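Commentary on secondary and tertiary structure
What follows is each chain in one-letter form.
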Amino acid sequence: EQAGHTLHASLLYLMTQADAGTACPMSMTYAVVPALRAEPAVAAEWEPRVTSGRYDPRFIPAAEKTGATLGMAMTEKQGGSDVRANTTRAHALGMGEYELIGHKWFCSAPMSDAFLTPAYAQGGLTCFLVPRWRPDGTRNAIRIMRLKDKLGDRSNASSEIEYDETWARRVGPEGEGVRTIITMVHHTRLDAAVSAAAIMRSAVVEALHHTRHRSAFGATLA
């Protein structure tokens, strides 16, 4: 779209006031594009899916869907936000393909069609794209250990997951994992600010509505 971030922020501002939870996978899907472009072959395959403007909830391979959503799985128990402390390992299969073994303490929107995730390859911490389905049409080994109960969050799931010889594609060079995935994180910051403003406006609107319609001692509160 010609309006770019301005249009996106405006639509997000409205959407968040209707349901702040579903804004999370929407924001990650929007923010993933610059990170995908670190690997042109991956971007060529996935960018049309995440920019299609269509939501397709079916649990089928992304190539068969009219649109896809992407999430991210970064942090681990022992490191928290320090992703360089990750222990997840990536074993090269050749042609940019790898198998991951490890865990992620926080995987947001586990119903997404794919995730960006960092893991250690031979060349250092590297960014990978992990789809829900393998190229042969079988389900990828993304084990959801539990869904988390975070302050009553119900409209957007977050989870703890494990990788068990999980198929993945490298995004960006080996050893450049933080540099690559941080572009996705950076673009979600715009949405975090816009969503916070939207939630505050929603709270004010609800308070005004309540006080204009609530009567006490013979008069409305407002």
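Everything here concerns the structure above.
The structure presented is a predicted model; accordingly, all values stated were derived computationally and were not measured.

Considering the nonpolar core
By size, the foremost hydrophobic cluster in this structure holds 26 residues, and its most contacted members are Val 32, Leu 36, Trp 46, Leu 70, Leu 116, Leu 129 and Met 184. Of all the elements in the fold, those that place two or more residues in this core are helix 2 (23-31), helix 3 (33-36), helix 4 (40-50), strand 1 (70-72), strand 4 (114-121), strand 5 (124-131) and helix 5 (177-213). The dominant element in this core, judged by the number of residues it contributes, is helix 4, at 4 residues. One finds Ala 90, Tyr 98, Ala 121 and Tyr 163 within the second-largest nonpolar core, a separate group that totals 14 residues.

A closer look at unusual backbone geometry
At Met 95, a position not held by glycine, the phi torsion is positive, near 60°. Along the chain, Met 95 turns up in the loop between strand 2 (89-94) and strand 3 (97-108). Judged by relative accessible area, Met 95 falls into the exposed class, the value being 83%. With a phi angle near 55°, Ala 109 is a residue other than glycine that sits in the positive phi range. On the secondary structure map, Ala 109 appears in the loop between strand 3 and strand 4. Classification of Ala 109 as buried rests on a relative accessible area of 0%.

Cut-offs applied
Residues numbered from 1 in each chain as written. Predicted model: local features only at pLDDT ≥ 70, side-chain atom pairs only at ≥ 80, totals over all residues. Heavy atoms only, no water. Core = buried A, V, L, I, M, F, W, Y, C linked by side-chain atoms within 4.5 Å. Buried < 20%, exposed > 50% of the residue type's maximum accessible area, 1.4 Å probe, protein only. Helix = DSSP H or I, 4+ residues; strand = E, 2+ residues; numbered from the N terminus.

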